[in-house]
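Chain residues, written in single-letter form:
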Amino acid sequence: MKLPLELLLTPDDIRYLKPAQLARLTRIDARYFSAWSTSRSISEKSLELIAQALGLTKSEVLQGFDLRREDAALAQAAQVKASKLISYLNGQRESA
């Protein structure tokens, strides 16, 4: 089936898809995509299956996964920073 150009995914699109959406498109468990945020291991067979399901090259899939992992690291760092700020502000209120 030939898809309209506006529906073709790019590595940047993979960056923002929910694990459930990736699972639906690839028929691979959503936990697998969440796990990519913390590790970079993927079998060649899985990579080929994902690439075929998404209509991308293996290189494009890896690029998209790397972007997802970078985003997860940035989000985690921001969340830690926000937690520290909240703790600091709470401490300031208690000492006032």
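Remember, it's a predicted structure, so these values are computed and weren't measured experimentally.

Trainee: Looking at this structure, I do not really get the packing of helix 2 (residues 19-26) against helix 4 (residues 44-54). What am I missing?
Mentor: How two helices pack is summed up by the angle between their axes together with the distance between the axes. Their axes nearest at 9 Å, the elements helix 2 and helix 4 cross at an angle of 85 degrees. Looking at the two axes, helix 2 sits roughly perpendicular to helix 4. Seen from helix 2, the contacting residues are Leu 22, Leu 25 and Thr 26; seen from helix 4, they are Ile 50, Ala 53 and Leu 54. Across the contact of helix 2 with helix 4, the residue classes tally to five nonpolar, one polar and no charged.

Trainee: What should I look at first to understand the layout of surface pockets in this one?
Mentor: Sizing a probe to match a water molecule and rolling it over the atoms shows the empty space that remains. A volume near 280 Å³ is recorded for the largest pocket. Lining the largest pocket we find 10 residues, and of these Leu 3, Leu 7, Leu 25, Ala 53 and Leu 54 sit closest to its centre. Looking at the lining of the largest pocket residue by residue, the class counts come to eight nonpolar, one polar and one charged.

Trainee: How do you make sense of the nonpolar core when you look at a structure like this?
Mentor: For soluble globular proteins, the rule of thumb is that nonpolar side chains tend to be buried together. Ile 14, Leu 17, Leu 22, Ile 28, Phe 33, Leu 47, Ile 50, Ala 51, Leu 54, Leu 56, Val 61 and Phe 65 together form the largest nonpolar core, which totals 12 residues. The set of elements that each furnish at least two residues to this core consists of helix 4 and helix 5 (58-95).

Trainee: Looking at this structure, how should I read the environment of Ala 72?
Mentor: Its location among the elements puts Ala 72 in helix 5. Separated by 48 residues in sequence, Ala 72 and Arg 24 have C-alpha atoms that sit 21 Å apart.

Trainee: What is the right way to look at helix 2 in this model?
Mentor: One turn of an α-helix holds 3.6 residues; hence residues three or four places apart share an orientation. The complete set of buried residues in helix 2 reads Leu 22, Ala 23 and Thr 26. Across the axial projection of helix 2, the buried residues extend over an arc of 100 degrees, all falling on one side. Summarising the geometry of helix 2, the exposed residues directed more than 90 degrees from the buried face are Ala 20 and Arg 24. Positive backbone phi, approximately 65 degrees, marks Arg 27, located one or two places after helix 2.

Rules used in this analysis
- Residues numbered from 1 in each chain as written.
- Predicted model: local features only at pLDDT ≥ 70, side-chain atom pairs only at ≥ 80, totals over all residues.
- Heavy atoms only, no water.
- Axes fitted to C-alpha atoms, helices over the stretch in contact; angles between N-to-C directions.
- Helix = DSSP H or I, 4+ residues; strand = E, 2+ residues; numbered from the N terminus.
- Parallel < 35°, antiparallel > 145°, perpendicular 65-115°, else oblique.
- Contact = heavy atoms within 4.5 Å.
- Nonpolar A, V, L, I, M, F, W, Y, C, P; charged D, E, K, R; others polar.
- 1 Å grid on protein atoms, 1.4 Å probe; cavity = no way out; pocket = protein on both sides within 12 Å on 5 of 7 lines; lining within 4 Å.
- Points joined across faces, edges and corners; volume = space filled by probe spheres on them.
- Core = buried A, V, L, I, M, F, W, Y, C linked by side-chain atoms within 4.5 Å.
- Buried < 20%, exposed > 50% of the residue type's maximum accessible area, 1.4 Å probe, protein only.
- Arc of directions from axis to C-beta.

Purely spatial values, then, with no claim about function.
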